[in-house]
Amino acid sequence: MIDDWTVDEALQLTQDWCAIPSVKGDDKALRAQADEVRCWLQHQLGAEIICSDPSGDRPPVIHARIDVGAATTVILYNMYDVMPATPDGWSVDPFCGGIVDLPEIGESFVARGAENNKGPLAGMFWALKALSSAGRLRVNVEVLVDGEEESGSRAMRDYLADPSCPVRPSASAIFPSFCEYGGGPPRLYLGFSGIAKGEVRVEGGAWGGPKAAVHSSNAPWIANPASRLVEALSLIGKPPTGELARISIDEEAKAVIANLALTFDPAAELHFRRTETFALEGDGLALLQYVLSTASFNISSLESMPLGSDGVIPYGARAGFELRAPPSLDPADFLARYRQALETVPGAVLAVTDSYPGSRFAADAPGIGPLLKSYEKTALARPQIWPWAIGAAPAYAFARHAKSFLLAGAGRGGNAHGIDEFMTLEGFRRFIDSIALWLDLIADEAEEAAR
């Protein structure tokens, strides 16, 4: 469906945008990238800019509209921020990018943002342009582009939650991405987990801890903030996986998981060569049922202050955490109980930087059938369907505006956030094809439903 010229132009746009280091904290680069996105929408797609306020203290939310007078509207969501990177270990400069023949992967474009998510952003725009230029775009499109996805999408979530939000009611919302994870079959998630992030910290002071580091010989009579932190962490989550609670999986989800387990490879999932690195025993079905039903508290970092000191009682200690929960459980409920439990630990403080619930939608929700059909036509393997993702996404924020929120797109990328982030050239073509096909097929779905 997509010609060579379109793919070449999309690749060039990807390279141009990956050259902009739009990382958190680099306000100049973030605004430069936002300007590029806004200008492309206006001048290449003829979109109406509904919102793009560059005067605030956060990267602007960009909301654009393409109205073709159709009865059906869809949302295309994406992001323009990326993670930091230095050239160390990369095959090419991460903010220049280049074509690299990666071992066991093939010809790929390598750059920071190639997979996550400037490649998909550029490919999404060119899929839209290809249909629009050919007069074949048969749905109205609300385009939403986020500059804070890597740090929680707070501005986008606030925008969507505003009672006066101008986003039109939509059949489906998609987040175009490379969904052939690890080179496997493309995935479809029928929902997303919720998440809370923050830290537990203990600081010295009146409760008996030191205000500054002191010699460890004083341990018998001065309370240790690090020990208090261990006590605080013992009040939530069973070791070693941090399990908080488990849900009963309903019959619809059980059927989806049973079918998923037929082709699920636990070792390949985490790229391990030996399955005994899992903390739990069981086959693919057992592991899937456990991970999808479990709310867990992950300790992502531990440190005491001052850092790197031996032979002292520290003056403070902290633990960073992520609390993830399946869609039927709200992370905020666990945090409320934990905050109450921490009242028994002198000096312990719970600081939450972000929290939002999961979201789930029906297996026959609008947009799902067209996505599966697009994979059948473009992908190399039968799609893999999950009842919901174990990862979090702010799908709940889109639920007011669309009947489904889908990660969508054929194609392979990898090493997001890491060295030599890439997208395969062959997969990039499939990705653009799959997004264009989805837009075409969801128009078919809407027309058939209207008959």
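Within any chain, residue numbers begin from 1 and follow the written order of that chain's sequence. Per-residue local features are limited, in this predicted model, to residues with pLDDT of at least 70; the limit for side-chain atom pairs, both in listing and counting, is 80 or more; totals at the level of whole chains, interfaces and linings are taken over all residues. Side-chain measures here rest on the full set of heavy atoms in the structure, leaving out hydrogens and waters.

Caption draft 1: How the structure looks around the overall build of the chain. Looking only at helices and strands, the chain features twelve helices and 21 strands. Computation of the radius of gyration draws on C-alpha atoms alone. For the globule rule, the value is 2.2 Å times the number of residues to the power 0.38. Relative to the globule expectation of 22 Å for 451 residues, the C-alpha radius of gyration of the chain, 24 Å, shows essentially globular dimensions. Projected onto its principal axes, the C-alpha coordinates of the chain cover approximately 80 × 50 × 50 Å. Only protein chains enter the calculation, and the probe is 1.4 Å; a residue is then buried if its accessible area is under 20% of its type maximum, exposed if over 50%, and partly exposed in between. Burial statistics for the chain: of 451 residues in total, 51% are counted as buried. Here, two residues are considered to be in contact whenever any of their heavy atoms come within 4.5 Å of each other. The long-range fraction of contacts in the chain, counting pairs at least 24 apart against all pairs at least 6 apart in sequence, stands at 78%. About 20000 Å² of surface is accessible on the chain, with carbon and sulfur atoms providing 51% of the total. Charge assignment in this entry is limited to Lys and Arg as positive and Asp and Glu as negative, and neither His nor the chain termini are counted. Throughout, a charge is located at the NZ atom of Lys, the CZ atom of Arg, the CG atom of Asp or the CD atom of Glu. In the chain, the 38 positive side-chain charges and the 58 negative ones have mean positions that sit 4 Å from each other. Labels follow the DSSP assignment, with helices taken as runs of H or I lasting at least four residues and strands as runs of E lasting at least two, numbered in each case from the N terminus. Every accessible area reported is derived by Shrake-Rupley at a probe size of 1.4 Å, with residue values counting cover from the shown protein chains alone.

Caption draft 2: Main features of the nonpolar core. Ranked by size, the top nonpolar core spans 99 residues in total, and within it F125 and F405 carry the most contacts. Looking at this core, the element that brings in the most residues is helix α12 (residues 425-450), giving nine residues. Ignoring anything within four residues of it in the chain, the contact list for F125 reads W17, V37, W40, L41, L45, V143 and V145. Working definition of a nonpolar core: buried Ala, Val, Leu, Ile, Met, Phe, Trp, Tyr and Cys residues. They are joined through side-chain atoms within 4.5 Å.

Caption draft 3: Inspection of the side chain of D440 at higher detail. If you trace the backbone, D440 turns up in helix α12. According to the relative accessible area criterion, D440 is buried, its value standing at 17%. Setting aside anything within four residues of it in sequence, one finds D440 in contact with R136 and R138.

Caption draft 4: The environment of S301, seen in detail. Tracing the backbone shows S301 in strand β12 (residues 294-305). Judged by relative accessible area, S301 falls into the partly exposed class, the value being 28%. The sequence separation of S301 and Y396 amounts to 95 residues, and the corresponding C-alpha distance is 28 Å. As used in this structure description, the phrase polar contact means that two N or O atoms lie within 3.5 Å; if the pair is within protein, one of them must be able to donate a hydrogen and the other to accept it, and residues adjacent in sequence are counted only when both atoms belong to side chains. Within the structure, S301 has its side chain in polar contact with the side chain of R318 (distance 3.4 Å).

Caption draft 5: Looking closely at the sheet that holds strand β20 (residues 413-414). For two strands to be treated as a pair, DSSP must find no fewer than two bridges joining them. Strands sit in the order β4-β5-β21-β20 across an open sheet of four strands; the sheet is antiparallel. Unpaired on one side and paired on the other, β4 (98-102) and β20 mark the two borders of the sheet. The pairing of β4 with strand β5 (residues 106-110) spans five bridges and is classified as antiparallel. Within β5, the position partnered with D101 by the bridge is E107. Together, β4, β5 and β21 (422-424) form the strand contacts of helix α1 (residues 4-18), whose direction differs from that of β5 by roughly 45 degrees. All axes here are fitted lines through C-alpha atoms, helices being fitted over the stretch that makes contact, and every angle between N-to-C directions spans 0 to 180 degrees.

Caption draft 6: Expanded view of the sheet that holds strand β6 (residues 140-146). Spatially, β1-β2-β6-β3-β7-β19 is the arrangement adopted by the six strands of the open sheet, whose pairing is mixed. With one partner strand each, in any of the chains shown, β1 (48-51) and β19 (405-408) form the two edges of the open sheet. Along the sheet, successive strands turn relative to each other by an average axial angle of 25 degrees, direction set aside. Where β1 meets strand β2 (residues 62-66), three bridges bridge the pair, whose relative direction is antiparallel. Bridge pairing in β2 links E48 to R65. Seen against the sheet, helix α3 (residues 118-133) touches β2, β3 (73-79), β6 and β7 (173-176) and runs at an angle of roughly 150 degrees to β3.

Caption draft 7: Region of the structure containing helix α4 (residues 154-161). Three or more residues of α4 are buried, namely A155, M156, R157, Y159 and L160. Tucked inside the fold, the buried residues of α4 contact β1, β2, β3, β6, β15 (348-356) and α11 (395-398).

Caption draft 8: Structural view of the confidence of the model for the chain. Confidence of the predictor in every single residue is expressed as pLDDT, which spans 0 to 100. With 98% of its residues at a pLDDT of at least 70, the chain reaches an overall mean of 93. Between residues 272-276, whose pLDDT stays under 50, and residues either more than four places distant or in other chains, the model counts four contacts.

Caption draft 9: Looking closely at the pattern of salt bridges. Any carboxyl oxygen of Asp or Glu within 4 Å of a side-chain nitrogen of Lys or Arg constitutes a salt bridge here. All told, the structure shown has 22 salt bridges when counted by the stated rule. A salt bridge links R318 to E303, with the shortest nitrogen-to-oxygen separation between them at 3.6 Å. Of this pair, R318 sits in strand β14 (residues 316-325) while E303 sits in strand β12, and the two are 15 residues apart along the sequence. Through salt bridges with shared partners, a single ionic network connects R136, R138, D440, D444 and E447.

Caption draft 10: Molecular detail of the layout of surface pockets. In this analysis a 1.4 Å probe is tested at points of a 1 Å grid over the protein atoms alone, and where it fits but cannot get out there is a cavity; an open set with protein on both sides within 12 Å along at least five of seven lines is a pocket; lining residues have an atom within 4 Å of a point. Grid points are joined across faces, edges and corners, and a volume is the space filled by probe spheres set on the points. In this model, the second largest pocket occupies a volume close to 270 Å³. Contributing to the lining of the second largest pocket are P185, V256, N259, L260, L262, T263, L372, E376, R382, P383, Q384 and I385. When residues of the lining of the second largest pocket are traced back to their parent elements, those giving at least two are α6 (251-261), α10 (368-378) and β17 (384-386). As a working rule, the residues Ala, Val, Leu, Ile, Met, Phe, Trp, Tyr, Cys and Pro are called nonpolar, Asp, Glu, Lys and Arg charged, and the rest polar, with Gly in that last group. Of the residues belonging to the lining of the second largest pocket, the class tally is seven nonpolar, three polar and two charged.

Caption draft 11: Up close: the side chain of T424. By secondary structure assignment, the location of T424 is in strand β21. Side-chain polar atoms of T424 contact the backbone nitrogen of G427, separated by 3.0 Å.

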